[in-house]
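Topology and contacts: notes
Each chain, written out:
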Amino acid sequence: MDQRSENQEHWQASVERFVGEHLPAGSGRVLEVGCGRGELALALARAGHRVLAVDPEAPDGPIFQRTPIEDLRDRGPFEAVIACLSLHHVDDPGAVLDQCLRLLTPGGRMIVVEFARERLDEPTVDWYLAHLDGDGDGEGEGEPGWLERDHQEWVQADTTGEPAGFVGWYQRRSERDGLHEGAAVLRALRRRFAQQSLTWGPYLYVDLNVSEADEAASIASGAVQATSFRFVGKREQPRP
């Protein structure tokens, strides 16, 4: 198995472990918001959790509903709501989190894994580009990752009048596409949930030929930004 495939499996396993560690004990219901292809929901179901996973493009299966959370008819309650790399994509994170708040039982947990696009500064992007090929031979394996594809698009575009380079182009395009900053998502979470834990860490390594430990070391040295955070919060107030 090549390094990138290993990294992708490692990331998935680490997310499953993080979520599993923070799910409340017992047999309460669990909701995943923006489940994508459903890997996390299926893993939680295999572990014995009572899972409902929603996404407009959810796969087929008894635990899935092909709908945005705003249109979900199930009124809960749920012991935990999970959102993995989905909140920065939704139209209105506040409205989605209000719905999560309504669906959670008192004391229920909001468990979030997110990406902070605003932390992609020039040193971080330079580090990423320098590590597209881990052995330096210029021949990476597999399909390019999302950031590599974005960089290729920028290189091929007419960048006249773009003095801020790729970083400025990427941030402006992300804003036009409605991708929310991680800081905005985090503020919305903290307004609604009592924070139990918050950790920042590596994310870019998933599409590279270097390990999570390599990226973590670069973050620790201050060479690059941590672009991923993991948040756990509790619903304390009565359900609206």
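Data block above holds the structure.
Here is a short report on the structure shown in this document. What you are looking at is a predicted structure, and each value in this text was computed from that prediction instead of being measured.

**Considerations on the overall build of the protein chain**
Counting its secondary structure elements, the protein chain contains 8 helices and 7 strands. Judged by the C-alpha coordinates and their principal axes, the protein chain covers about 50 × 40 × 35 Å. Scored against the burial criterion, the 240 residues of the protein chain give a buried share of 46%. Excluding contacts between residues fewer than 6 apart, the proportion of contacts in the protein chain whose partners are at least 24 apart in sequence is 73%. Accessible surface, the protein chain as shown: approximately 11,800 Å² in total, 46% of it carbon and sulfur. Of the charged side chains in the protein chain, 25 are positive and 41 negative; the average position of the first set lies 12 Å away from that of the second.

**Here's the deal with the pairing of strand β1 (residues 29–33)**
The element β1 is extensively covered by neighbouring structure, given that 4 of its 5 residues are classed as buried. Here β1 runs beside strand β2 (residues 50–54); their pairing, made up of 5 bridges, is parallel. Bridging across to β2, L31 finds its partner in L52.

Rules and cut-offs
- Here the residue index of a chain counts from 1 through its sequence in written order.
- Reporting of local features is limited, given that this is a predicted model, to residues whose pLDDT is at least 70; pairs of side-chain atoms are given and counted only at 80 or more, and all residues count toward the totals for whole chains, interfaces and linings.
- The side-chain figures draw on all heavy atoms in the structure; neither hydrogens nor water molecules are used.
- Put simply, DSSP marks the helices as runs of H or I at least four residues long and the strands as runs of E at least two long, and each gets a number from the N terminus on.
- Between buried and exposed lies partly exposed: a residue is buried under 20% and exposed over 50% of the maximum accessible area for its type, with that area taken using a 1.4 Å probe on protein chains only.
- It only takes one pair of heavy atoms within 4.5 Å for two residues to be counted as in contact.
- Here the open area of atoms and residues is found with the Shrake-Rupley method and a 1.4 Å probe, where only the protein chains shown may cover a residue.
- In this charge count, Lys and Arg are treated as positive and Asp and Glu as negative; neither His nor the chain ends contribute.
- Charged groups are reduced to one reference atom each: NZ for lysine, CZ for arginine, CG for aspartic acid, CD for glutamic acid.
- Pairing between strands is defined by DSSP: at least two bridges between the two strands are required.

Nothing here speaks to function; it is all geometry.
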